[in-house]
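# Structural characterization, general
Residue strings, one per chain:
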Amino acid sequence: MERAVFKASLEHKRPTIWVKPWGLTEGVAAPPIRRALAEGRLLLLSPFDDRTDVPSVRRAVWCNQYVLARCDRAVVGRLAPGGMLACILSEADPEMEIAYL
């Protein structure tokens, strides 16, 4: 679901922030990603250097916590009850606007 939402945001030219749980250069060669970067619609962030080329659950959770602590609103594509994202969202600022697809 996450990949589908990301792909749709690129196709529909929605401004998107991609916080990657690995380095910045891996996985950005695809033409839609390059176009979005060139047009200023995509911001890439990563707390990890390019030597980190394989994502892990721990790093992905950290990235989700990082984003949710700093955003005013979020869009959630799929939420598994009792899952990791549900746990993270339960700790989010109650004032944050969350849209569920």
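Look up a bit, the structure's there.
A short tour of the structure in this document, coming up. (Residues numbered from 1 in each chain as written. Predicted model: local features only at pLDDT ≥ 70, side-chain atom pairs only at ≥ 80, totals over all residues. Heavy atoms only, no water.)

## Some words on the pattern of salt bridges
Quick reminder of the rule: Salt bridges are defined as contacts in which a side-chain nitrogen from Lys or Arg sits within 4 Å of a carboxyl oxygen from Asp or Glu. Helix numbering and strand numbering both begin at the N terminus, where a helix is a DSSP run of H or I of at least 4 residues and a strand a DSSP run of E of at least 2. Using a 1.4 Å probe on the protein chains alone, a residue whose accessible area is under 20% of its type maximum counts as buried, one over 50% counts as exposed, and one in between counts as partly exposed.
Taken as a whole and assessed by the stated rule, the structure comprises two salt bridges. The salt bridge involving E11 is made with K7; its shortest N-O contact spans 3.8 Å. With E11 and K7 both in helix 1 (residues 2–11) and four residues apart, this pair spans about one turn of that helix. Each of the two residues, E11 as well as K7, counts as exposed. The partner of E39 in a salt bridge is R41, with the nearest N and O atoms 2.7 Å apart. By relative accessible area, R41 is classed as buried at 13%.

## Things to note about the pairing of strand 1 (residues 16–19)
As a reminder, the rule being used: Two strands make a pair as long as DSSP finds a minimum of two bridges between them. Place the viewer so that the strands point away; then a crossover is right-handed whenever the path from the first strand over the helix to the second strand goes clockwise.
Bridging between strand 1 and strand 2 (residues 42–45) involves four bridges; their strand directions are parallel. Bridged to I17 within strand 2 is L43. Crossover strand 1 to strand 2 through helix 2 (residues 31–38) is right-handed.

## With respect to the environment of L44
Tracing the backbone shows L44 in strand 2. Placed 25 residues apart in sequence, L44 and A69 show a C-alpha to C-alpha distance of 17 Å.

## Regarding unusual backbone geometry
Excluding glycine, residues mostly have negative phi values, and the peptide bonds linking residues are mostly trans. A positive phi angle, close to 55°, is found at K13, a residue other than glycine. Examined against the element boundaries, K13 turns out to sit in the loop between helix 1 and strand 1.

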